[in-house]
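Residue-level structural notes
What follows is each chain in one-letter form.
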Amino acid sequence: MSPLQKKIIRFITLQGPIDISQYMLMTLADPEYGYYKTVEPFGGNGDFITAPEISQMFGEMIAIWAFFAWQGMGQPSPFLFCEIGPGRGTLMDDILRTVGKIAPKCLAAARIILIETSERLAISQKKKLRLYDKKIEWIADIDAIPNFPLILIANELFDALPIHQYMLTSHGILYERMIAFDKALNLCFAQSFANPHLPFVPILSKKFPDETIIEISPERVALVESISTHIARKRGAALIIDYGALEPSFGDTLQAISQHTFCSPLENPGTCDLTSHVDFFALSHAARKKGCHTAELTQGDFLIKLGLFERASRLSINKNEADRQKIANDVERLCAHNQMGNLFKVLCIADTKTSMQPFSWVKAGLNQERN
């Protein structure tokens, strides 16, 4: 039994069963034993590999998008160039290097802000980004960003934000899924007795079999609302990249991973990464409600439209066969339909005056139909 599991059991003993949102917060962010406080999750020696760790080409394509966004905003100076949840700083390092080459005026106009709550990860970021340290500010809360035009990136952040799970019966009764423990002191799923009031959930208009699980994340929606409010007021664009669905969906997607292998989300909390799939439909709805327009692509389409194949071809010039094969394998992993290309989605949020490649836009307002 992990130290955090003992702590959670003591908490449940005193307070009663906890919801999955509370469990995720404790598992990932507990100040003593939380996963992101104690574990190095990234890279081959960690628990998972993110797209920036696979290839520099991922960050290079996002840098191109950021330049297009800056142009679409009218090339403001200064503007905020922000990443929320920047990991080890790999993505921002690739982006700044690329922007510095293709658009030095854009980099000169940028006020770079990293939003990070982990002191341990912030130390890693400062080492990685030491060439740009005079231009970078670290903050812990998005509400603390200054009032300037904003370009924001969030890669594989939203999947780790807490969710609630609800079980819908065939009679339309809704119960929240909770976490308790059994006689052997193993954590287990339980059920609330309340029929909770829920926010906007388009999927509830459909009929489902008994015990259908529906996932909702007020935390994710609230973060998008904060981002969108700033963008609508001060202009800007945001890019949210994660795995999930573009249309309303249902089912249990709560998952844990350790050493690149899936494991039970209720075993040894604090030692495994804990995530769930992102509901991009709900995020897009929230952004448009705040007066922004939105656009979505799969990660594969996004990278290909921005020139991933062409960049891979240039990188392969004068390389030996092993290096060329590595580049080809990286491209496949990032954008192939059966790998990250289709599972990962890209949501772009922008003010209604700003458009940029490679997106086609859904206008702001709740009554607008998709193109």
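See the structure above.
This is a predicted model, so every value here is computed, not measured.

What counts, and where the lines are drawn
Residues numbered from 1 in each chain as written. Predicted model: local features only at pLDDT ≥ 70, side-chain atom pairs only at ≥ 80, totals over all residues. Heavy atoms only, no water. Core = buried A, V, L, I, M, F, W, Y, C linked by side-chain atoms within 4.5 Å. Buried < 20%, exposed > 50% of the residue type's maximum accessible area, 1.4 Å probe, protein only. Helix = DSSP H or I, 4+ residues; strand = E, 2+ residues; numbered from the N terminus. Contact = heavy atoms within 4.5 Å. Phe/Tyr/Trp six-rings, centres within 6.5 Å; stacked < 30°, edge-to-face > 60°. Salt bridge = Lys/Arg side-chain N within 4 Å of Asp/Glu carboxyl O. Axes fitted to C-alpha atoms, helices over the stretch in contact; angles between N-to-C directions. Parallel < 35°, antiparallel > 145°, perpendicular 65-115°, else oblique. Left-handed = near helix turned anticlockwise from the far one by under 90°. Nonpolar A, V, L, I, M, F, W, Y, C, P; charged D, E, K, R; others polar. Polar contact = N/O pair within 3.5 Å; in protein donor to acceptor, adjacent residues only side chain to side chain. Pairing = 2+ DSSP bridges. Right-handed = clockwise from strand over helix to strand, strands pointing away. Arc of directions from axis to C-beta.

Turning our attention to the nonpolar core. A general feature of soluble globular proteins is that nonpolar side chains tend to end up buried together. By size, the foremost hydrophobic cluster in this structure holds 57 residues, and its most contacted members are I62, W65, F81, F302, M356 and F359. Residue contributions to this core peak at 11 residues, all from helix α5 (residues 56-72). Not counting residues up to four positions away in its chain, the partners in contact with F81 are A66, M92, I95, L96, A110, R111, I112, I113, I151 and I153.

Turning our eyes to something else, we now look at the packing of aromatic side chains. What the rule picks out here adds up to 7 aromatic pairs. Ring geometry for F67 versus F68: centroids 6.3 Å apart, planes at 35°, classification tilted. Both rings, one in F67 and one in W70, keep their centres 6.3 Å apart while their planes meet at 35°; by these two values the pair is tilted. On the criterion of helical spacing, the pair formed by F67 and W70 is a turn pair, its members being 3 residues apart in helix α5.

By the secondary structure assignment, F250 is in the loop between β10 (236-245) and β11 (255-258). Using a relative accessible area of 48% as the deciding quantity, one classes F250 as partly exposed. A C-alpha to C-alpha distance of 5.1 Å links F250 and I214, two positions 36 residues apart in sequence.

Turning our attention to the pattern of salt bridges. A full pass over the atoms with the stated rule returns 11 salt bridges. The partner of E32 in a salt bridge is K7, with the nearest N and O atoms 2.7 Å apart. One end of the pair, E32, is in the loop between α2 (20-29) and α3 (35-38); the other, K7, is in helix α1 (residues 3-15), with 25 residues separating them in the sequence. Exposure remark for E32: the relative accessible area of 46% places this residue in the partly exposed category.

The geometry of helix α12 (residues 308-316) relative to helix α13 (residues 321-335) is characterised by a closest axis approach of 9 Å and an angle of 165° between their N-to-C directions. Relative to α13, α12 is oriented roughly antiparallel. Considering only the axes of α12 and α13, their crossing is right-handed. Every residue of α13 that contacts α12 at L308, F309, A312, L315 and S316 is listed here: R324, I327, V331 and C335. Here the residues of the contact of α12 with α13 sort into 7 nonpolar, 1 polar and 1 charged.

As for its placement among the helices and strands, Q165 is situated in strand β6 (residues 164-168). Within the structure, Q165 has its side chain in polar contact with the side chain of D252 (distance 2.7 Å). Excluding residues that lie within four positions of it along the chain, Q165 makes contacts with I20, Y175, E176, R177, I213, I214, E215, D252, T253 and L254.

Turning our attention to the pairing of strand β3 (residues 110-115). Burial within β3 is extensive, with 5 of its 6 residues counted as buried. As judged from the 6 bridges shared by strand β2 (residues 79-84) and β3, these two strands associate in the parallel manner. Of the residues in β3, the one forming a bridge with E83 is L114. As judged from the 4 bridges shared by β3 and strand β4 (residues 136-139), these two strands associate in the parallel manner. Its bridge partner being in β4, I112 is matched across the sheet by I136. With helix α8 (residues 119-128) bridging β3 and the parallel β4, this β-α-β connection has right-handed handedness.

Let us now look at α12. Restricting attention to buried positions, one finds in α12 the residues L308, A312, L315 and S316. End-on, the buried residues of α12 take up no more than an arc of 100°, which puts them together on one face. More than 90 degrees from the buried face of α12, the exposed residues found are E310 and R314. Packed against the buried residues of α12 are α5, α11 (299-305) and α13. Phi turns positive, to about 65°, at N318, one or two residues after α12.

Here we come to the sheet that holds strand β13 (residues 273-275). Strands sit in the order β12-β11-β13 across an open sheet of 3 strands; the sheet is antiparallel. Only two strands of the sheet have a single neighbouring strand rather than two, namely β12 (261-263) and β13. Within this sheet the neighbouring strands show an average axis-to-axis angle of 35°, counted without direction. The sheet contact formed by β11 and β13 spans 3 bridges and is antiparallel. Across the sheet, residue Q255 finds its bridge partner in β13, namely T275.

Another aspect to go through is unusual backbone geometry. Between S77 and the following residue, P78, the backbone shows a cis peptide bond with an omega angle of 5°. Residue P358 is bonded to the preceding Q357 through a cis peptide linkage, with omega at 0°. Mapped onto the elements of the fold, P358 is located in the segment after β16 (344-350). Although it is not a glycine, L185 adopts a positive phi angle of roughly 65°. Overall, L185 belongs to the partly exposed group, its relative accessible area being 37%.

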